[in-house]
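Given next are the chains, with one letter for each unit.
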Amino acid sequence: MTGSSGRAGFVERHGLWDDAAREAAAEMLRRIEVDGIEVVRFSFPDQHGILRGKAMTTGEVAGALAGGVSMTSTLLVKDTAHKTVPPVFRPGAGIGAPDLTGAADFLMVADPATFRVLPWAPATGWVLCDIRWPDGRAIPYSTRDVCRAMLGRLAERGWDYVAGIEVEFHIFRLEDPRMAASGAGQPAEPPDVSLLTHGYQYLTEIRLDELDPILATLRRALAALGLPLRSLEVEFGPSQVEVTFQPGAGLESADTMILFRNAVKQVCARHGYHATFMCRPQIENVFASGWHLHQSLRERGTGRALFMPEAEDGEDALLSAFGRQFAAGILEHARAASVFTTPTINGYKRFKAFSLAPDRAAWSRDNRGAMLRIVGGAGEPGTRIENRAGEPAANPYLYLASQIVSGLDGIDNRRDPGPATETPYEADAPALPASLIEAVAALRADQAFVAALGKPFVDYICMIKEAEIARYLSDVTDWEQREYFRIF
């Protein structure tokens with residue numbers, strides 16, 4: 001077992017906080033005392049965008065802020081069934097990574113500016129953390145740091161990345177959590193659930209009112225967390241809802257998505273519901289969910305919208321020349337980026353023609369069948385690129401980072417997206433991967449991603465995804481049983 005906290009003076013010794021962070025830490029300690037907080041959850045986002053961490057009692061919080069909180073390094077190499085992928089008890093963990101050998105420790109270092117009091121958990125605080133090795137070195141597997149590094153590349157050029165979140169998910173009534181010991185495997189048996197609405201009445205107020213008891217509870221919790229909520233909407237499918245947030249710059253939107261997903265699942269569970277961000281649940285008549293990422297760049301200092309067409313771009317231009325290059329980069333690398341936008345095996349079962357989900361790397365003006373939907377135009381500072389390929393389960397830091405890597409490649413190589421299409425399901429454009437297997441192969445072969453993220457990180461992500469794929473391929477599915485058991 002790991003210890004509850006790290007090394008005294010670790011944060012100051014390695015210069016991990018600036019003055020603003022120190023002030024935020026002091027305010028955090030003050031709020032803990034004033035609000036009667038009894039425990040604080042220190043959490044970091046892992047490779048899947050899942051929060052992991054420890055709950056520290058108030059007497060330990062000051063030491064945890066100064067010295068970090070120790071964690072087991074196997075958490076950095078888990079797949080989605082929580083199985084450790086590489087052989088960590090061999091030298092270099094069997095993958096040439098000595099820091100992972102023997103399931104050694106790493107440290108969570110709090111970002112005190114993210115501190116919040118959780119409205120659904122009595123006397124409980126929460127703080128998001130970055131991660132470091134015990135000697136203070138950055139951990140190359142930190143997805144928040146990967147995103148921060150890509151944002152830094154934009155900042156060096158005088159640009160800020162702005163992202164808006166529009167995410168669909170399902171809320172079901174929990175009928176049976178299936179907590180019998182026989183179902184406690186890796187992964188465990190999923191719960192039994194029932195619908196809250198029949199669906200197929202997109203944005204109707206009656207359906208909204210049917211969901212209002214839980215949506216109102218969620219709305220109050222998200223507001224209490226200070227998340228920039230815009231809307232809660234009824235989506236097309238049964239028990240399906242959509243939430244949108246105000247756009248944020250830099251890490252803000254990714255941090256919002258991490259806390260939002262955690263909050264939704266926890267609040268729903270406490271009220272007898274099961275919320276899932278799985279793309280396409282295996283429930284009759286249920287529709288697939290997407291995560292549509294709205295993105296733009298603006299000039300630092302002036303705030304000038306860099307995607308908004310100017311007079312020289314032409315009267316009917318959808319984007320500025322700069323924005324067209326950024327969009328072209330996203331299209332060029334869409335197949336490789338799918339590992340980050342659509343990281344689960346299940347997510348690829350959403351890519352179907354004429355389904356309001358894309359099936360190829362095409363772009364269009366305000367067309368929800370295209371992978372890239374352009375919203376805005378001349379004279380509209382809010383002009384942006386909406387990527388509709390993402391799934392709700394994506395790690396938000398890697399989703400954002402993948403867009404920046406792709407877009408910068410488009411700018412640096414002055415790529416041209418070609419003409420926009422009005423028929424996205426018939427466009428002459430590269431097909432999106434049909435499976436996670438295809439996506440992983442595309443990522444390994446994509447030199448722009450290898451150069452930007454580094455081959456070790458690309459290999460690391462692919463290793464974890466390939467472990468999930470191998471388990472999937474070795475499992476006998478319902479389809480196989482129906483298809484072959486009687487006929488052969």
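Relevant structure appears above.
Summary of the structure given here.

Parameters and conventions
- The residue numbering used here restarts from 1 in each chain and proceeds along that chain's sequence as written.
- Since the coordinates come from a predicted model, pLDDT governs what is reported: local features require at least 70, and pairs of side-chain atoms require 80 or more to be given and counted, while whole-chain, interface and lining totals use all residues.
- Side-chain descriptors were evaluated using all non-hydrogen atoms of the structure, hydrogens and water having been removed beforehand.
- The helix count covers DSSP runs of H or I at least four residues long, the strand count covers runs of E at least two residues long, and both are numbered beginning at the N terminus.
- Using C-alpha atoms as the atom set, the radius of gyration is obtained and then compared with a globule rule of 2.2 Å times the number of residues to the power 0.38.
- Contacts were defined at the residue level, with two residues in contact if any of their heavy atoms lie within 4.5 Å.
- Note on areas: Shrake-Rupley, 1.4 Å probe, and residue coverage restricted to the protein chains presented here.
- Charge assignment in this entry is limited to Lys and Arg as positive and Asp and Glu as negative, and neither His nor the chain termini are counted.
- For this purpose, a charge sits on NZ of Lys, CZ of Arg, CG of Asp or CD of Glu.
- Two strands form a pair only when DSSP identifies at least two bridges running between them.
- When a carboxyl oxygen of Asp or Glu lies within 4 Å of a side-chain nitrogen of Lys or Arg, that pair is called a salt bridge.
- With a 1.4 Å probe rolled over the protein chains alone, any residue whose accessible area is under 20% of its type maximum counts as buried; one over 50% counts as exposed, and the rest are partly exposed.
- Patches here: salt-bridge-free residues with over 30% relative accessible area, like charges joined within 9 Å, nonpolar side chains (Val, Leu, Ile, Met, Phe, Trp, Tyr) joined within 5 Å.
- Pairing of aromatic side chains requires ring centres within 6.5 Å, counting the rings of Phe and Tyr and the six-membered ring of Trp. Pairs whose planes differ by under 30 degrees are stacked, by over 60 edge-to-face, and all others tilted.
- A pocket here means an open set of points on a 1 Å grid, computed over the protein atoms alone, that has protein on both sides within 12 Å along at least five of seven lines. A cavity is instead a set of points where a 1.4 Å probe fits but cannot get out; residues with an atom within 4 Å of a point line either one.
- Grid points are joined across faces, edges and corners, and a volume is the space filled by probe spheres set on the points.
- Throughout, the ten residues Ala, Val, Leu, Ile, Met, Phe, Trp, Tyr, Cys and Pro are labelled nonpolar, Asp, Glu, Lys and Arg are labelled charged, and all others, Gly among them, are labelled polar.
- Think of the arc as the fan of directions from the helix axis to the C-beta atoms.
- The span you would expect from a helix comes to 1.5 Å times its residue count less one.

### So, the overall build of the chain
So, point 1. In terms of helices and strands, the chain carries 13 helices and 16 strands.
So, point 2. Radius of gyration (C-alpha) of the chain: 23 Å, near the 23 Å computed for a compact globule of 488 residues.
So, point 3. Considering only C-alpha atoms, the chain reaches an extent of 65 × 60 × 50 Å along its principal axes.
So, point 4. For the chain, the proportion of contacts with a sequence separation of at least 24, taken over those separated by at least 6, is 71%.
So, point 5. Accessible surface, the chain as shown: approximately 21600 Å² in total, 52% of it carbon and sulfur.
So, point 6. A gap of 4 Å separates the mean positions of the 50 positive and 62 negative side-chain charges of the chain.

### Re the pairing of strand S9 (residues 229-234)
So, point 1. Across 5 bridges, S9 lies against strand S10 (residues 240-245) in antiparallel orientation. Paired with leucine 229 across the bridge in S10 is phenylalanine 245.
So, point 2. Taken together, S9 and the strand that follows it, S10, pair antiparallel across an intervening segment of 5 residues, in which serine 239 is found at a positive phi of about 60°.

### Here's the deal with the pattern of salt bridges
So, point 1. All told, the structure shown has 31 salt bridges when counted by the stated rule.
So, point 2. Arginine 52 is the salt-bridge partner of aspartate 46, the closest N and O atoms lying 2.8 Å from each other. You'll find aspartate 46 and arginine 52 in the same group, each marked buried.
So, point 3. The closest approach of N and O atoms between arginine 415 and aspartate 409, which form a salt bridge, is 2.7 Å.
So, point 4. Judged by its relative accessible area of 26%, arginine 415 is partly exposed.
So, point 5. By sharing partners, the salt bridges in this structure join Asp111, Asp130, Arg132, Arg144, Asp145, Arg148 and Asp255 into a single network.

### Some points on a nonpolar patch on the surface
So, point 1. A cluster of nonpolar side chains, Tyr200, Tyr202, Leu203, Phe236 and Phe287, forms an exposed patch at the surface whose accessible area comes to about 460 Å².
So, point 2. Within the secondary structure, leucine 203 sits in the loop between strand S8 (192-194) and helix H5 (205-224).

### Here's the deal with the packing of aromatic side chains
So, point 1. Taken as a whole and judged by the stated rule, the model has 19 aromatic pairs.
So, point 2. Measuring from centroid to centroid gives 6.1 Å for tyrosine 484 and phenylalanine 488, while their planes differ by 35°, and the two rings are tilted.
So, point 3. For tyrosine 484, a relative accessible area of 40% translates into the label partly exposed.
So, point 4. Through pairs of rings, three or more aromatic residues link up here, namely Trp159, Phe307, Phe322 and Phe326.

### A few points about empty space enclosed by the protein
So, point 1. In total, this model carries 3 cavities of 30 Å³ or more according to the counting rule given.
So, point 2. Considered as a void within the structure, the largest cavity measures approximately 60 Å³ in volume.
So, point 3. In terms of lining, the largest cavity is formed by Ile330, Ala334, Ala337, Ser338, Thr341, Met371, Asn387, Ala389, Gln403, Ser406 and Leu432.
So, point 4. Taken together, the elements giving at least two residues each to the lining of the largest cavity come down to helix H8 (334-341), strand S16 (384-390) and helix H9 (396-412).
So, point 5. The dominant element in the lining of the largest cavity, judged by the number of residues it contributes, is H8, at 4 residues.
So, point 6. Here the residues of the lining of the largest cavity are counted per class, giving 6 nonpolar, 5 polar and no charged.

### Here we look at helix H10 (residues 436-445)
So, point 1. Leu436, Ala439, Val440, Ala442 and Leu443 are the residues of H10 that are buried. Projected down its long axis, H10 carries its buried residues within an arc of 160°, all on one side.

### As for the layout of surface pockets
So, point 1. Size it by volume and the second largest pocket reaches roughly 1000 Å³.
So, point 2. Among the elements of the structure, strand S7 (159-176), S9, S10, strand S13 (291-299), strand S15 (372-375) and S16 are those that each provide at least two residues to the lining of the second largest pocket.
So, point 3. Class assignment for the residues of the lining of the second largest pocket results in 16 nonpolar, 15 polar and 16 charged.

### Here we look at H5
So, point 1. For H5, which comprises 20 residues, the first-to-last C-alpha distance of 25 Å sits more than 12% below the rise-based estimate of 28 Å (1.5 Å per residue).
So, point 2. Of the residues making up H5, those classed as buried are Arg207, Leu211, Ile214, Leu215, Ala216, Leu218, Ala221 and Leu222.
So, point 3. Lining the buried residues of H5 we find S7, S9, S10, helix H6 (252-270) and strand S12 (273-276).
So, point 4. Immediately beyond the C-terminal end of H5, within one or two residues, lies glycine 226, with a positive phi of roughly 80°.

### Points about unusual backbone geometry
So, point 1. The omega torsion of the bond from glutamine 186 to proline 187 falls at 0°, within 30 degrees of zero and hence cis.
So, point 2. Residue placement: proline 187 occurs in the loop between S7 and S8.
So, point 3. Even without a glycine there, the phi angle at leucine 203 is positive, about 65°.

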